[in-house]
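As a plain string of letters, each chain reads:
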Amino acid sequence: MRRSRPVGSQLFKTKSPDHLMAEAAAPERQMKRTLNAFDLTCIGIGAVIGTGIFALIGTAIAGQTFPTRLETPILNFVQAWLSGGDVILGRAGAGPAVAISLLVAALACGFAALCYAELASMIPVSGSAYTYSYATLGEIIAWIIGWDLILEYAVGNMAVAVGWSGYFVKLCGSLFGLKFPIWAVNDYRTASDLIAKGGDTLNDFSSTTLPTIAGHPIALNFPALVIVAAVTVLLVYGIRESAKTNTMIVIIKVAVVVFFISFGAFMVHPTNWHPYVPNGFAGVMSGAAIIFFAFIGFDAVSTTAEETKNPRRDMPIGIIASLIICTLLYVLMGTVLAGIKKYTVYLGDPAAAATAFASKPWAEALISAGALAGMTSVILVFQLGQPRIFMAMARDGLLPQYFARIHPRFRTPYVTTIWTGVVVGGVAMLVDIGSLSDLTNIGTLFAFILVCVGVAVLRRTDAGRPRPFRVPLVPLFPIVGVLLCFVLMLSLPVLTWIRFFVWLAIGLLIYFLYSVRHSKLRRGIDTGITEDIPPPLIKT
């Protein structure tokens, strides 16, 4: 009985923000502080403008249908129960009102961004929502959110890498006439489906025969592996070089988005904007749930806190400025896209932005190049964020100390960066991850909810702590952020919720089998701010 009491009580034991910052200041743990507010803003834009806006905006405009109830959003069942009607197996499109959907999604992100900004300025430590939860809600909640963030960064990056590969193959064909064997640029399932379907699509490949090894046909998505490997090498080499590369890519893709808006404005037919809200409020909200994937990533800015020159000032600027800039560009892009063609044309179109310029091949190629650049920077930023969260968890003993190592020369978390690259690249090469964008969404929304709750909790438990940036109207703003994020979670399919709970169950199993016994806080090692000397295994 004496041992069971502390086990339960320490599950929700929190870690002092002072202690978290003191740990990060230990010489063996310090990383290069080279980033400024402009770099952070570019990192945020680099994470946000990518696959979502180029691939999902057409679906948000035209809607989608589902073959089964498992793939139907929970909100559809709630609406059917309230109205007494049948469950609609699909999500209504927003139509030309996609601009409103974008604003709704941005609003939900905006409340979360304010909360991230306050906590990032208070606790400028790598780890993002994981670290903030450890300081406000307790160890087990911190573990859950750290495990959950894998869905946002690692799983999300697998999907982006697969999408990058598809655009890369198309661009090589359209610009240089270069074709690849179908088995070298697709996973086995995708390659098999394309071969079975036949048609003109197969003309894009130099060979449509799958090689066999020991009697088993194989297909490997090598471009997805190569881009992840290249980004991983860059991130190991240094944060300054990574930030410079990201900034160059961001300039290119923002220029492409501005081109789309300015050039596309001359192709707009105002009649395509009528009716403006063809599916009413339900269409606007379902459009917001679909397009939310286009906004995730701004929170990756908070994972670079230990590499920022003045994190207390620059972290809020980077988080909020990147979200505002992306929202403005998205609303203008959505409005123009819906005006170029009738919204129903985009039904089931995974490349609506390029389709809008189908009559002008050179413009279509330019938009595709912008999409490729956009996805490259998303891969870069997500590959930057995930290793730093693993590093923070290893520092606390929740993962093996091996993962907390910092490169002696480059001062980057090279162990976690390499392993993240191996796993993300390997899975992206073998599996079609496109269906997991909803799983990424639910993981991100859950993280946003806990960050909003964390701000309200810390205002009560540590009201006197200096806050360089303060969320206005607490607890109202955090509560609104929680409610908006929860409504968007309800707009996700039943199957996504099932997968999410299974993922959390696996995480809890790991926590109780390993992390409980190795947690430094639970073992009494992380009890004071004088514990600045890392364990021997951290030294490199």
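Look up: the structure comes first, before these words.
Below, the structure is looked at part by part. All values reported here derive from a predicted model rather than from experimental measurement. (Residues numbered from 1 in each chain as written. Predicted model: local features only at pLDDT ≥ 70, side-chain atom pairs only at ≥ 80, totals over all residues. Heavy atoms only, no water.)

### Regarding helix α3 (residues 37-48)
Next up, step 1: Between its first and last C-alpha, α3 extends 17 Å over 12 residues, near the 16 Å set by a 1.5 Å rise per residue.
Next up, step 2: Of all the 12 residues making up α3, 11 are buried; the element is thus mostly covered by neighbouring parts of the structure.
Next up, step 3: Listed as buried for α3 are Ala37, Asp39, Leu40, Thr41, Cys42, Ile43, Gly44, Ile45, Gly46, Ala47 and Val48.
Next up, step 4: N-cap assignment for α3: the residue whose side-chain oxygen lies 3.1 Å from the backbone N of Phe38 is Asn36. (Helix = DSSP H or I, 4+ residues; strand = E, 2+ residues; numbered from the N terminus. Expected span 1.5 Å × (residues − 1). Buried < 20%, exposed > 50% of the residue type's maximum accessible area, 1.4 Å probe, protein only. Polar contact = N/O pair within 3.5 Å; in protein donor to acceptor, adjacent residues only side chain to side chain.)

### A closer look at the side chain of Asp299
Next up, step 1: Checked against the element boundaries, Asp299 lands in the loop between α12 (280-291) and α13 (311-340).
Next up, step 2: Of the buried charged residues, Asp299 lacks a salt bridge, with Lys253 as the closest side chain of opposite charge at 13 Å.
Next up, step 3: A polar contact of 3.3 Å, which involves the side chain of Asp299, links it to the side chain of Tyr153. (Lys, Arg positive; Asp, Glu negative; His and termini not counted. Salt bridge = Lys/Arg side-chain N within 4 Å of Asp/Glu carboxyl O.)

### Some words on the packing of aromatic side chains
Next up, step 1: Applying the stated rule across the entire model yields 25 aromatic pairs.
Next up, step 2: Centre to centre, the rings of Phe259 and Phe357 are 6.3 Å apart; their planes meet at 75°, and the pair counts as edge-to-face. Linking Phe259 in helix α11 (residues 239-264) with Phe357 in the loop between α14 (352-355) and α15 (361-395), this pair joins segments that are 98 residues apart in sequence. Across the pair, exposure class does not vary: Phe259 and Phe357 are buried alike.
Next up, step 3: Summarising the aromatic geometry, the rings of Trp497 and Phe501 are spaced 5.9 Å apart at their centres and angled 45° between planes, so their arrangement reads as tilted. (Phe/Tyr/Trp six-rings, centres within 6.5 Å; stacked < 30°, edge-to-face > 60°.)

### Comments concerning the nonpolar core
Next up, step 1: Residues Ile49, Phe54, Tyr116, Tyr130, Phe260, Phe298 and Phe357 are the most contacted members of the largest nonpolar core, which totals 156 residues.
Next up, step 2: Here this core takes 20 residues from helix α8 (residues 139-176), the largest share from any one element.
Next up, step 3: Ignoring any residue separated from it by four or fewer positions in sequence, one finds Phe260 in contact with Ala265, Met333, Val336, Leu337, Ala353, Ala356, Phe357 and Ile367.
Next up, step 4: Val185, Ala191, Leu210 and Ala219 belong to the second largest nonpolar core, which has 9 residues in total. (Core = buried A, V, L, I, M, F, W, Y, C linked by side-chain atoms within 4.5 Å. Contact = heavy atoms within 4.5 Å.)

### Some points on a nonpolar patch on the surface
Next up, step 1: Judged by side-chain polarity, Leu70, Ile498, Val502, Ile506 and Ile510 come together as a nonpolar surface patch covering roughly 380 Å² of accessible area.
Next up, step 2: Structurally, Leu70 is set in the loop between β1 (63-65) and α5 (74-83). (Patch = residues over 30% accessible without salt bridge, like charges linked within 9 Å, V, L, I, M, F, W, Y side chains within 5 Å. Areas by Shrake-Rupley, 256 points an atom, 1.4 Å probe, with all protein chains shown as cover.)

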